[in-house]
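Chain and residue survey
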Amino acid sequence: MVRDTKFPARLLAAGIGVGAGLGALISVASSGLAAYFARKIIVPENAPEELDILHIDGFPPNMRIHLPADEETTVPGTYGLYFNQGSGHAVIGDIVEYDPRSRTVSREILSVTRGDIRRAWRGRWTGIVYPDPIAAGVNFEDIEIRSDAGSLPAWLLPTDHPEPQDTWAILIHGRGSTRAEGLRAAPVLNTLGVPAIAMSYRNDAEVRVETTSRYGLGDTEWIDVDAAIDFAVSHGAKNIVLFGWSMGGAIALQAASRGRNRRFVTSLVLDGPVVDWVNVLDGQAKKNLLPTPIAKLTLEMITQPWARPITGLETPLDLDRMDWVTRAAELDVPVLLIHSDDDEFVPSGPSHALAGVRRDLVTMPAYSKAHHTKEWNIDPVRWEDDVANFLEAKILPKD
């Protein structure tokens, strides 16, 4: 760990003068690499469309798509495919054929929700099957949530239940995603009679200011969840269930523990959640072959005041405050924790650790082949059953 937190600033100010030496050159290069990775963590960016679309066969409703076979496209289930810079979207079904020689896979195209997929050359594989509430088959209303970050677009998802409901859900998506990510929960919530808000938050693509936006990894975004709870409570909510996917799980945990509306939060449903950012960032550093000293300096840069001019963060992030393995004793509401053991981005180890020490509050069903936040995609019936059983047992009124 870098002890002298002023060292990088002094080094950058000094520059490399005559006689600076090889050691200074290496130090500057290391600092530059750490700064690059620090910004990769906190600066929002649009996910690239890097998956080649090889061929489209057939005509609606019997169309197939041919794709390169990789660790995502060869997993059974139902997925989304964005194309044409996100303006197009298709729902991709199960595998029809796999050719190990050419390393290609053929899958069903269940529907094209928008755009012309026949003209697409590349796309982005995603767990988002419903790009909007219409695709999810649920009623909705466009609303805005007002927070200190400004006006945040959201979908209000009322239910078909004839009586007013006092248990509401707030759906919080993950890093780099959109409010559409939470729509996988919309059908089961509609069946249960639980109104929901699929919200955006600061730094989302819909609201971000490109030059100044910085993710707080949950350390700042929870304030927007508080504002969404304000809306729900003003419309009759008395109990709030926070749903969080990936970084949305970190946001939900902060809102439930720090928010002024935390008294209304009665349970959490977390899918592939970040419960310990240091563990996640350490795993990503190893995956990207980042040397340990540079990885440590990267963490210093996002958590220490001296690096604000480099990272652009207004306030350094408190990763200790977002470590829920260490803070497990502070958990005070029931949690459904859904986390696949093969998650390649957010390791499931901390989730298991949290579930192990808080068996009184945490329910964690076993998932093993879903990758990151795609448990619904491989088995929507099971995912919805897990959610329904949890909510009916913990907070929903008994008939």
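Residues numbered from 1 in each chain as written. Predicted model: local features only at pLDDT ≥ 70, side-chain atom pairs only at ≥ 80, totals over all residues. Heavy atoms only, no water.

The name given to the chain in an unreviewed UniProt entry is Alpha/beta hydrolase family protein, with the source organism recorded as Brevibacterium linens ATCC 9172.

**Here we look at the side chain of Asp386**
Tracing the chain through its elements places Asp386 in helix 12 (residues 380-394). By relative accessible area, which is 18% here, Asp386 ends up buried. Here Asp386 is in contact with Leu336, Pro365 and Tyr367, once residues within four sequence places are set aside. (Helix = DSSP H or I, 4+ residues; strand = E, 2+ residues; numbered from the N terminus. Buried < 20%, exposed > 50% of the residue type's maximum accessible area, 1.4 Å probe, protein only. Contact = heavy atoms within 4.5 Å.)

**Concerning the domain arrangement of the chain**
It is common to give the size of an interface as the accessible area lost on bringing the parts into contact. The domain boundaries assigned to the chain delineate domain 1 (54-120) and domain 2 (133-279 + 313-395). A combined buried area of about 620 Å² lies between domain 1 and domain 2, and 56% of that area is made up of carbon and sulfur atoms. Summed over the shared surface of domain 1 and domain 2, the result is 1 salt bridge. In this assembly, domain 1 and domain 2 are joined by 2 residue pairs in polar contact (both at pLDDT 80 or more). Across the side of domain 1 that touches domain 2, the residue classes tally to 4 nonpolar, 3 polar and 2 charged. (Domains from an automatic or database assignment. Buried area = accessible area lost by both parts, 1.4 Å probe. Salt bridge = Lys/Arg side-chain N within 4 Å of Asp/Glu carboxyl O. Polar contact = N/O pair within 3.5 Å; in protein donor to acceptor, adjacent residues only side chain to side chain. Nonpolar A, V, L, I, M, F, W, Y, C, P; charged D, E, K, R; others polar.)

**Some remarks on the UniProt feature "domain: AB hydrolase-1" (unreviewed entry) in the chain**
Using the residue numbers shown here, the UniProt feature "domain: AB hydrolase-1" (unreviewed entry) corresponds to residues 170-364. This span, residues 170-364, is 35% helix and 15% strand, and a straight line between its end C-alpha atoms measures 20 Å. (UniProt positions renumbered as here; feature names shortened; annotations may be inferred.)

**Quick word on the layout of surface pockets**
Of the volumes computed, that of the second largest pocket is approximately 510 Å³. Together, 22 residues line the second largest pocket, and Arg202, Asn203, Arg214, Thr220 and Glu314 are the ones closest to its centre. Broken down by class, the residue content of the lining of the second largest pocket amounts to 8 nonpolar, 7 polar and 7 charged. (1 Å grid on protein atoms, 1.4 Å probe; cavity = no way out; pocket = protein on both sides within 12 Å on 5 of 7 lines; lining within 4 Å. Points joined across faces, edges and corners; volume = space filled by probe spheres on them.)

**Considering the pattern of salt bridges**
Within this structure, the stated rule accounts for 18 salt bridges. Here Arg179 makes a salt bridge to Glu206, at a shortest N to O gap of 2.7 Å. Within this pair, whereas Arg179 is found in the loop between strand 10 (167-172) and helix 4 (186-192), its partner Glu206 is found in the loop between strand 11 (196-199) and helix 5 (222-234), the two being separated by 27 residues in sequence. Judged by relative accessible area, which is 43%, Glu206 ranks as partly exposed.

**Remarks on the nonpolar core**
Of all hydrophobic cores here, the largest spans 71 residues; its most connected members are Ile170, Ile197, Leu217, Leu242, Leu268 and Trp277. Once residues within four sequence positions are removed from consideration, Leu217 is found in contact with Ile41, Met247, Ala250, Trp277, Ile302, Leu317, Leu319 and Met322. One finds Val129, Tyr130, Ala186 and Leu189 within the second-largest nonpolar core, a separate group that totals 36 residues. (Core = buried A, V, L, I, M, F, W, Y, C linked by side-chain atoms within 4.5 Å.)

**Looking at helix 8 (residues 292-303)**
The terminal C-alpha atoms of helix 8, which comprises 12 residues, lie 17 Å apart, in line with the 16 Å expected from a rise of 1.5 Å per residue. For helix 8, the set of buried residues is Ile294, Ala295, Leu297, Thr298, Leu299, Glu300, Met301 and Ile302. (Expected span 1.5 Å × (residues − 1).)

**Observations regarding the packing of aromatic side chains**
Per the counting criterion, the structure on display carries 4 aromatic pairs. An angle of 25° between the planes, with centres 6.1 Å apart, marks the rings of Phe243 and Trp245 as stacked. By relative accessible area, which is 1% here, Trp245 ends up buried. The ring of Phe59 has Arg118 sitting right over it, with the charged end atom 4.9 Å from the ring centre. The side chain of Arg179 reaches across the aromatic face of Trp155, ending 4.2 Å from its centre. (Phe/Tyr/Trp six-rings, centres within 6.5 Å; stacked < 30°, edge-to-face > 60°. Lys NZ or Arg CZ within 6 Å of the ring centre and 35° of its normal.)

**Some words on empty space enclosed by the protein**
Going through the model one piece at a time under the given rule, you end up with 2 cavities of 30 Å³ or more. Roughly 40 Å³ of internal volume is contained in the largest cavity. Val138, Leu157, Pro158, Thr159, Ala186, Leu189, Asn190, Val194 and Ala196 are the residues that line the largest cavity. Examining the composition of the lining of the largest cavity, we find that 3 residues originate from one element, helix 4, more than from any other. The class makeup of the residues in the lining of the largest cavity is 7 nonpolar, 2 polar and no charged. Lining the second largest cavity, in full, are Pro273, Val274, Val275, Asp276, Asn279, Val280, His339, Val346, Pro347, Pro350 and Ser351. Elements represented by at least two residues in the lining of the second largest cavity include exactly helix 7 (277-287) and helix 10 (349-357).

**Considering the pairing of strand 5 (residues 88-99)**
Judged from the 5 bridges that link them, strand 4 (residues 79-83) and strand 5 form a sheet pairing that is antiparallel. Residue pairing across strands places Phe83 opposite Gly88, the latter belonging to strand 5. Between strand 4 and strand 5, which pair antiparallel and follow one another directly, the connecting turn spans 4 residues, one of which, Asn84, has a positive phi of 55°. The hairpin turn running from strand 5 into strand 6 (residues 104-114), its antiparallel successor, is 4 residues long, and Arg103 in that turn takes a positive phi close to 55°. (Pairing = 2+ DSSP bridges.)

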